[in-house]
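# Descriptive structure summary
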Amino acid sequence: MDAEELLALKIRLLTQGATLPENEWPGRRGGAGPVGGRYFLLPNGRACGVPVRTGESARIYNSAPLEPTDRKDVWLYDGAVELRMIPRPRFYDLETKEGVPYHKIALLHGESTLATTVFQACRYWSHGTQCKFCTIPMSAHSGDSILEKAPEQISEVVEAAEKEGVISDVLLTTGTPETPDMGAERLVRIIESIRKVSKVPIGVQFEPPSDELMIKRVADAGASAVGIHIESADESVREEMCPGKHQYGPLDLYKRSWQYALDLFGRGNVSTFILHGLGESLEKTLAITDELAEVGVLPVVAPVRPAKGSQLSDYVPTYVGHLDRSLDFYKEVGRILFRHGLDPSRTAAGCHRCGGCTPDQEAYDWAARQ
Ligand code: SF4
């Protein structure tokens, strides 16, 4: 498979999703980041979090079947492409001495990123101004996770996962509490706890705190990379889709925080999520992507995945039915990343270490071969 075919395959999987045979677990049901997917490895060995669709949704998205074969962990997509399912790690079966199963504390994202939402609630949900695509409280409500994870619980899972040899990095994200640190203090305590037992690269994500020194505290505690997520590069979409977050954080605050973080973490180790498919202007999105990449902020451009429990559960993203347009769009993203020398695979930690939700890496690889 050449670079163009791989890029097209990943975009197709991320935007159309796939149907799985009945009785297959459809993936986690809530939390931060895209949910409702299963991780597979593409023929290039990179992860893809494939949205699992059923019934009417599968028809709308034109999802092709993904079926097991008689070879262990090998699945066949649309009757033609072999994908490898990432096996369930053994540490999921362990539990803390209080009896909390490890899989309720942290999960494997992609092949080797241990990810956890350290605080599974957000002030914008209490205010009724949550981001419309968000499902952060769902996994705690459903019992799949716990509301708040103690630093010692997380470092215990990190130790077990490292012992099993299945992780290369850790990703910590959080809902935003009512405090001005935006949850960063909690992250500092967790990073410090992990650093007592491990040197694993750690990526953290939070909203821009009003006091930039908080970002330095996170760096000093031992974080390797930081994600400060704007969510959309189109201000009118950000205002509509993320009312609370938009009201709190003007674009200027993000720009100041990224620049401050760049001085601490370096080019390519500061990232921001930019969702695709919310009706945004693609021209504006590419212009901001270019601006960000030029200064060294790594954009995580990713198709939005409407999830049950979010306000967008029945929303049909604007990319649906426009595969060619999506391919052109991501090729331009790839050209931008390549032009500014931002190879996603070189980030120390964060979403791009897994890369399962975004075709950025495949777009970069495609551009590098032109
Ligand atoms: S800031 Fe938005 S996406 Fe993040 S946890 Fe809060 S409501 Fe969800």
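Look a little higher up for the structure.
In this report, the structure presented in the accompanying data block is examined. What you see is a predicted model, and the numbers here were worked out from it, not measured in a lab.

Calculation rules
- Residues numbered from 1 in each chain as written.
- Predicted model: local features only at pLDDT ≥ 70, side-chain atom pairs only at ≥ 80, totals over all residues.
- Near = placed C-beta within 6 Å.
- Nonpolar A, V, L, I, M, F, W, Y, C, P; charged D, E, K, R; others polar.
- Pairing = 2+ DSSP bridges.
- Helix = DSSP H or I, 4+ residues; strand = E, 2+ residues; numbered from the N terminus.
- Axes fitted to C-alpha atoms, helices over the stretch in contact; angles between N-to-C directions.
- Contact = placed C-beta atoms within 7 Å.
- Parallel < 35°, antiparallel > 145°, perpendicular 65-115°, else oblique.
- Left-handed = near helix turned anticlockwise from the far one by under 90°.
- Expected span 1.5 Å × (residues − 1).
- Buried ≥ 20, exposed ≤ 12 C-beta atoms within 10 Å, placed from the backbone.

### Focus on the site of the ligand
Around the ligand lies a shell of twelve residues, among which Cys 122, Gln 130, Cys 131, Cys 134 and Gly 175 are the nearest. Classifying every residue of the shell around the ligand gives eight nonpolar, three polar and one charged.

### Focus: the sheet that holds strand 13 (residues 297–303)
If you walk across this open sheet you meet the seven strands as 7-8-9-10-11-12-13, and the pairing is mixed. Looking at which strands have only one partner, the edges of the open sheet turn out to be strand 7 (107–109) and strand 13. The sheet shows a mean angle of 30° between the axes of neighbouring strands, direction not considered. Here five bridges tie strand 8 (residues 113–117) to strand 9 (residues 169–173), and the two strands are oriented parallel to one another. Residue pairing for strand 9: Thr 116 is matched across the bridge by Leu 172. Taken strand by strand, helix 10 (residues 251–265) contacts strand 11 (225–227), strand 12 (270–276) and strand 13, and its axis lies near 135° from that of strand 12.

### Focus on the packing of helix 5 (residues 151–164) against helix 6 (residues 184–195)
In the contact formed by helix 5 and helix 6, the axes pass within 8 Å of each other and the chain directions differ by 40°. Overall, the two elements helix 5 and helix 6 adopt an arrangement that is oblique. Crossing hand, helix 5 versus helix 6: right-handed. On helix 6, the residues touching Pro 151, Glu 152, Ile 154, Ser 155 and Val 158 of helix 5 are Arg 189, Ile 190, Ser 193 and Ile 194. For the contact of helix 5 with helix 6, the residue count by class is five nonpolar, two polar and two charged.

### Notes on helix 6
Residue pairs spaced three or four apart in an α-helix point in one direction, given the helix's 3.6 residues per turn. Taking 1.5 Å of rise per residue, twelve residues should cover 16 Å, and helix 6 covers 16 Å from first to last C-alpha, within 8% of that figure. Of all the residues in helix 6, the buried ones are Ala 184, Arg 186, Leu 187, Val 188, Ile 190, Ile 191 and Ile 194.

### Some thoughts on helix 10
Given a rise of 1.5 Å per residue, 15 residues ought to cover 21 Å, and the 20 Å separating the end C-alpha atoms of helix 10 matches this to within 8%. On its buried face, helix 10 sits against helix 7 (213–221), strand 11, strand 12 and strand 13. At the C-terminal side of helix 10, Gly 266 shows a positive phi close to 90°.

### Remarks on the packing of helix 1 (residues 3–16) against helix 12 (residues 323–339)
Orientation of helix 1 relative to helix 12, taken along the N-to-C sense of each, is 120°, at an axis distance of 10 Å. Relative to helix 12, helix 1 is oriented oblique. Seen from above, helix 1 lies across helix 12 with right-handed handedness. Contacts from Leu 7, Ala 8, Ile 11, Arg 12 and Thr 15 in helix 1 reach Leu 323, Ser 326, Leu 327 and Tyr 330 in helix 12. A class-by-class count of the residues in the contact of helix 1 with helix 12 yields six nonpolar, two polar and one charged.

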